[in-house]
Amino acid sequence: LVAQESGKQPTLAKTHVAIAKRIERGVVGITAQAPARKMSYFGTGAFISADGYILTSITVVPRDCTIIKVILPGGRRVDAKLVGTVDDLELSLIKVEGKGHPAIPLGESGKLRLGETVYTFGNCFSSIELDDRVSLSRGAVSGFYDLREKRSDANYVGPCIEITAALNPGVDGGPLVDERGAIIGLLCLNYSSARWLGTAIPIDAL
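So, a few notes on the structure that sits alongside this text.

Rules behind the numbers
- Residues numbered from 1 in each chain as written.
- Predicted model: local features only at pLDDT ≥ 70, side-chain atom pairs only at ≥ 80, totals over all residues.
- Heavy atoms only, no water.
- Pairing = 2+ DSSP bridges.
- Helix = DSSP H or I, 4+ residues; strand = E, 2+ residues; numbered from the N terminus.
- Polar contact = N/O pair within 3.5 Å; in protein donor to acceptor, adjacent residues only side chain to side chain.
- Contact = heavy atoms within 4.5 Å.
- Core = buried A, V, L, I, M, F, W, Y, C linked by side-chain atoms within 4.5 Å.
- Buried < 20%, exposed > 50% of the residue type's maximum accessible area, 1.4 Å probe, protein only.
- Axes fitted to C-alpha atoms, helices over the stretch in contact; angles between N-to-C directions.
- Salt bridge = Lys/Arg side-chain N within 4 Å of Asp/Glu carboxyl O.

Our next topic: the pairing of strand E7 (residues 91-95). Here 5 bridges tie strand E3 (residues 53-57) to E7, and the two strands are oriented antiparallel to one another. Of the residues in E7, the one forming a bridge with Tyr53 is Lys95. When strand E6 (residues 81-86) meets E7, the two strands line up antiparallel, connected through 5 bridges. Across the sheet, the residue bridging to Val86 is Leu91, located in E7. Where E6 hands over to E7, the hairpin turn is made up of 4 residues, of which Glu90 adopts a positive phi near 55 degrees.

Structure (structure tokens):
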């Protein structure tokens, strides 16, 4: 209220807006098809290099996908190629042509502390494709533990970052970002049935 009366924005609000504007340019929507199995997938990815490498998940781009499309800011669709996968880490790396892509820097998940503010960015419910809007959620680091269960569509087990920020359909493969604007995790569909909160695979593991 004091901030509103003085005409000044709270510092935290400025921080959130600045991070959102900086990061959302590097977040993309992804659709993928595996014709041999007649399966289609969608989700999120993030540019990690200016020359077109995109970090995402195998729940978005499994190893047998041969048709991969990336939805860029503005709605433009471009073809992508699968560079490789690491099944144990649910990691897929894809690439699009071109230079000067808005890469998001990689951080250090080992420096995270309980209670720190984090952000999720994603293509929730195909928002990038349908509305040209990246979905953003803010939350806190609520825990560090080992995932031991497996879901039908998410098989990652191992160290995870637990977060209170929202994870909705289509956000998997997206970046978990810290207050410095660096990727510190890969958003994951797996979770602990005892805790029921969202998780991310630590960037240090990836």
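A word on the side chain of Ser57. Within the element layout of this structure, Ser57 appears in strand E3. Here Glu90 takes part through its backbone oxygen, which lies 3.2 Å from a polar atom of the side chain of Ser57. Ser57 has contacts with Glu90, Ser92, Gly173 and Leu186, leaving out every residue within four places of it along the chain.

On to the nonpolar core, then. Core analysis: the biggest nonpolar cluster contains 22 residues, and Ile19, Ile23, Val27, Ile104, Phe121 and Val177 have the highest contact counts within it. Elements represented by at least two residues in this core include exactly helix H2 (11-24), strand E8 (117-122), strand E9 (135-147) and strand E12 (183-188). For this core, the element with the highest residue contribution is E12, accounting for 3 residues. In terms of nonpolar packing, the next biggest core, distinct from the first, is built from 17 residues, Val28, Ile68, Val78 and Ile94 among them.

Time to look at the sheet that holds E12. Spatially, the 6 strands close up into a barrel ordered E8-E9-E10-E13-E12-E11, and their pairing is antiparallel. In this sheet, neighbouring strand axes are inclined to one another by 45 degrees on average, regardless of whether the strands run parallel or antiparallel.

Before going further, it helps to spend a moment on the pattern of salt bridges. As enumerated under the stated definition, the model contains 9 salt bridges in all. Measuring nitrogen to oxygen at the nearest pair gives 2.4 Å for the salt bridge that ties Lys69 to Asp79. Of this pair, Lys69 sits in strand E4 (residues 67-71) while Asp79 is found in strand E5 (residues 77-79), placing the two residues 10 residues apart along the sequence. Its relative accessible area of 29% is what places Lys69 among the partly exposed residues. Classification of Asp79 as exposed rests on a relative accessible area of 52%. Among the ionic contacts, a cluster of salt bridges with common partners joins Glu116, Asp178 and Arg180.

Taking strand neighbours across the sheet as the criterion, the 7 strands line up as E5-E4-E1-E2-E3-E7-E6 in an open arrangement whose pairing is antiparallel. Only two strands of the sheet have a single neighbouring strand rather than two, namely E5 and E6. Each neighbouring strand pair of the sheet contributes to a mean axis angle of 30 degrees, computed without reference to strand direction. Taken together, the 2 bridges between strand E2 (residues 39-47) and E3 define a ladder with antiparallel strand orientation. From the neighbouring strand, Phe47 faces E3, where its bridge partner is Ile54.

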